[in-house]
Amino acid sequence: MKIDINKKAADNIRILSMSMVEKSKSGHPGGAMGGADYIHILFSEFLNFDPNDPAWINRDRFFLDPGHMSPMLYSVLSLIGHFSVEELKNFRQWGSPTPGHPELDIMRGIENTSGPLGQGHTMAVGAAIAERFLVARFGELFAHKIFTYISDGGVQEEISQGAGRLAGFLGLSNLIMFYDSNDIQLSTETNAVTIEDTAMKYTAWGWNVIKIDGNDQNQIRAALSSAVSQKNKPTIIIGKTIMGKGLLDKDGNSFERKTSTHGMPVSEAGGSYEKSLINLGGDITDPFQIFSDVKEFYTKVVGQKHKYASEWKKQREEWAVKNTELDRKLNSFYSGEIPEIDYKSIVQKEDSATRAASSSVLGVLAGKLENMIVASADLSNSDKTDGFLKKTHPFTKGDFSGAFLQAGVSELTMAAVMNGLALHGGIIPACGTFFVFSDYMKPAVRLACLMGLPVKYLWTHDAFRVGEDGPTHQPVEQEAQLRLMEHLKNHHGENSMIVLRPADSAETTVAWKIALENHKTPTALILSRQNIKDIPPQGDNRYTEALQSEKGAYIVQNCTGNPDVILIASGSEVATLVDGALLLKNDKLKVRIISAPSEGLFRNQSGSYKKAILPDDVPIFGLTAGLPVTLQGLVGPKGVIWGMKSFGYSAPYKVLDEKLGFTAENVYRQVKDYLIKING
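Residues numbered from 1 in each chain as written. Predicted model: local features only at pLDDT ≥ 70, side-chain atom pairs only at ≥ 80, totals over all residues. Heavy atoms only, no water.

Peer 1: Which residues make up the pairing of strand β5 (residues 235-240), and what are the values?
Peer 2: With five of six residues buried, β5 lies mostly within the body of the structure. Of the pairings in the sheet, the one linking strand β3 (residues 175-181) to β5 comprises six bridges and is parallel in character. Looking at β5, one finds that Ile176 is bridged to Thr235. Relative to β5, strand β4 (residues 208-213) runs parallel, the two being bridged by six bridges. Looking at β5, one finds that Lys211 is bridged to Ile238. Running through helix α10 (residues 217-228), the crossover from β4 to the neighbouring parallel element β5 is right-handed. (Buried < 20%, exposed > 50% of the residue type's maximum accessible area, 1.4 Å probe, protein only. Helix = DSSP H or I, 4+ residues; strand = E, 2+ residues; numbered from the N terminus. Pairing = 2+ DSSP bridges. Right-handed = clockwise from strand over helix to strand, strands pointing away.)

Right, dumping it as structure tokens:
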């Protein structure tokens, strides 16, 4: 009897997936087994990649959304040769490259960290935008596809609304999504939580919708063939799959479509691992076996993929000879190279809001950084990303010649799309909204920190000085939350994020310099709504002095000899300290003022530098429009902080400054009381 090698390959993926979970006594076998037919056909017949060069710039990208289905991905990647059988056996173990949810590892074929449902396919939308942006600049030779895989949970997560709307609006025909619709989720069947018609929903958003039996390989082929030829719309293939396909119980009866197999090893879920393995053609003495004929089949697949990539690279070389300047530009895009920017010459208005100062920098960057994409969540004229927008135009369906994404009111979607832009490569992504709405973005910001993606966040309206809009729009606790990411290390030992709250326009210019030079982690710029008095320069040039903010904290005003007190703040409050210091100096006190835009960068400095800025034996007073804990790590256990202890109130910001104690006079009173208390 002739063996159907494609069925056998899919069953091999099922066996490996089931065995990984069984051995680790932890994981999600059911969905991985149901999706095996699709993932096999996709990787063997449709996905273009170079097994010998996983970072090849023109590879098709595959973004997994349901990270709990990692066994399926690791299994198919083992058939390609990116994972060994031994590594599959160590699934979910310490030091293993096969964690419970996949973590970004391009060299092993993993394009994104996934786990929080909904974000993976939204990153794919970002990658699809990146591909269209690059094709608009370099030509159809650089066209490729973005494939993504979503589950019932990902469809239910609210972020799918934003991703679906945006992809349909932009007509991302290069985006192909498989929806693994198995009607089972972790604790219930889907009919216990939803009656929506998913096909109608995506049709309404402007998607091409194809419905198939997701375990019928011929239907999968036909759907993918149709999807890759689509020219005007993104495609969703809704595949009805069988949760735990091939599973049997101890009596040899079907154990398919069981909720329990979503998140438990088969033996713990009530099925029979041994009978299921034999039913799928496995060997109970060697459950991690890759069948010899499947191995031979995938050896041919790997050869074909490499041949395709090699032929493309020859075309690229021919193109490069004819387009030397474009080729140089393309290489610079993917290398992360930043052209020389004369930051010092950027003209800033006197005493401007730092959001306006950022806008001035963006206007310059629009003419310098040809691969920068800026987005705003319906706030470009308020978060001042319009400084960039005025020099370009927004993306629209069929036109990606501009460089601005109007994301609409969807902050989480926007943040995940930025991650996708960064993951694709060749793009510098930045996005803006009000700081208080960073709360909507944090799940995606956290993944950017985990993956080490150099996304730039522009969060404006940074404090209670939003004023009349009231407490719903006034950030208080947000800065403390973001500063925690400066304390948290990523897996490369770096601060997982740089958070910058500049004190004036000069520091804002430097903050942008820091952000663009940071290729390893995300950077946040926290910017003011209201105008701020510029910090008086101590020498000839305020910008030159502000360059010291690259060390996280530095002296903006000093005294002769040892100070009696050190005043420290970031952002708007530094100018308030400058005014308060004038009153303190009238009392013959020697005062040092520190601007600390980034505690994380400051903590990275040498011990001698940190001691020189903040010696242990000098009283330190901190001023913050956030929670006092925001500065606790800088003032030390003996220091005192004046900060917010409640939500804000609705009133003009100058009234709020007065009522809440953010004035020079209150700085004077608080410091005097503090010094009396500690000096007796």
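Additional details are given in the paragraphs that follow.
Peer 1: Outline the packing of helix α3 (residues 36-46) against helix α4 (residues 70-80), listing residues and values.
Peer 2: For any two helices packed against each other, one specifies the crossing angle of their axes together with the interaxial distance. Where α3 contacts α4, the axes come no closer than 10 Å and their chain directions differ by 35°. Here α3 runs over α4; the crossing is right-handed. Contacts from Ala36, Ile39 and Phe43 of α3 reach α4 at Met72, Leu73, Val76, Leu77 and Ile80. The residue inventory of the contact of α3 with α4, partitioned by class, reads eight nonpolar, no polar and no charged. (Axes fitted to C-alpha atoms, helices over the stretch in contact; angles between N-to-C directions. Left-handed = near helix turned anticlockwise from the far one by under 90°. Contact = heavy atoms within 4.5 Å. Nonpolar A, V, L, I, M, F, W, Y, C, P; charged D, E, K, R; others polar.)

Peer 1: Any details on the pattern of salt bridges? Residues and values, ideally.
Peer 2: Summed over all chains, the structure comprises 33 salt bridges. Its salt-bridge partner being Lys313, residue Asp50 comes within 2.8 Å of it at the nearest N-O pair. Placement of Asp50 in the loop between α3 and β1 (61-64) and of Lys313 in helix α13 (residues 292-322) is noted, with a sequence separation of 263 residues between them. The exposure class assigned to Asp50 is buried, which follows from its relative accessible area of 3%. Here Lys313 falls in the partly exposed class, since its relative accessible area comes to 24%. For the salt bridge of Lys513 with Glu550, the shortest nitrogen-to-oxygen distance reads 2.7 Å. Taken together, the residues span a long stretch of sequence, with Lys513 in helix α20 (residues 505-517) and Glu550 in the loop between α21 (542-546) and β12 (554-557) at a distance of 37 residues. One continuous salt-bridge network, built from bridges that share partners, spans Asp462, Arg465, Arg501, Glu573 and Asp657. (Salt bridge = Lys/Arg side-chain N within 4 Å of Asp/Glu carboxyl O.)

Peer 1: Outline the sheet that holds β12, supporting the account with residue identities and numerical values.
Peer 2: Paired through backbone hydrogen bonds, the strands of a sheet run either parallel or antiparallel to each other. Sheet architecture is open: five strands sit in the order β12-β14-β13-β15-β16, paired in mixed fashion. Of all strands in the sheet, those with a lone pairing partner are β12 and β16 (640-642), marking the two edges. Across the sheet, the mean angle from the axis of one strand to that of its neighbour is 30°, orientation sign disregarded. Sheet topology places strand β13 (residues 565-569) next to strand β15 (residues 620-623); four bridges connect them, and they run parallel. Considered in β15, the bridge of Ile566 is made with Ile620. Relative to strand β14 (residues 591-595), helix α22 (residues 573-586) is tilted by about 180°, and along the sheet it contacts β12, β13, β14 and β15. Of the strands in this sheet, β13, β15 and β16 touch helix α27 (residues 664-679), which is tilted by about 150° from β15.

Peer 1: Before we move on, can you summarise empty space enclosed by the protein with the specific residues and values?
Peer 2: Per the stated rule, a full pass over the model turns up six cavities of 30 Å³ or more. By volume, the largest cavity amounts to about 140 Å³. Contributing to the lining of the largest cavity are 15 residues, with Leu47, Phe49, Arg59, Gly109 and Glu111 lying nearest its centre. (1 Å grid on protein atoms, 1.4 Å probe; cavity = no way out; pocket = protein on both sides within 12 Å on 5 of 7 lines; lining within 4 Å. Points joined across faces, edges and corners; volume = space filled by probe spheres on them.)

Peer 1: Give me the lowdown on the layout of surface pockets, citing residues and values where you can.
Peer 2: Volume-wise, the largest pocket comes out at about 1000 Å³. Leu104, Ile106, Met451, Gly452 and Leu453 are, among the 40 residues lining the largest pocket, the residues nearest its centre. Where the lining of the largest pocket is concerned, the elements lending two or more residues are α14 (324-335), α17 (411-424), β8 (428-434) and α18 (438-451). Classifying every residue of the lining of the largest pocket gives 20 nonpolar, 14 polar and six charged.

Peer 1: Help me get a handle on the nonpolar core, residues and values and all.
Peer 2: Core analysis: the largest hydrophobic core is formed by 150 residues, its most contacted members being Ile129, Met372, Tyr457, Met497, Trp512 and Leu567. Considering each element in turn, this core owes the most residues, 10 residues, to helix α6 (residues 119-138). Beyond its immediate stretch of four places on either side in the chain, Ile129 contacts Leu170, Leu172, Phe395, Phe400, Leu405, Val417 and Leu421. Counting 58 residues, the second-largest nonpolar core is a separate cluster that includes Phe46, Leu47, Met69 and Phe91. (Core = buried A, V, L, I, M, F, W, Y, C linked by side-chain atoms within 4.5 Å.)

Peer 1: Explain the sheet that holds β1 to me, and be specific about the residues and the numbers.
Peer 2: If you trace the five strands from one edge of the open sheet to the other, you get β1-β2-β3-β5-β4, paired in parallel fashion. The open sheet terminates on both sides in strands that have one partner only, identified here as β1 and β4. In this sheet, neighbouring strand axes are inclined to one another by 20° on average, regardless of whether the strands run parallel or antiparallel. Packed onto the sheet, α3 meets β1, β2 (146-151) and β3 and runs at close to 175° relative to β2.

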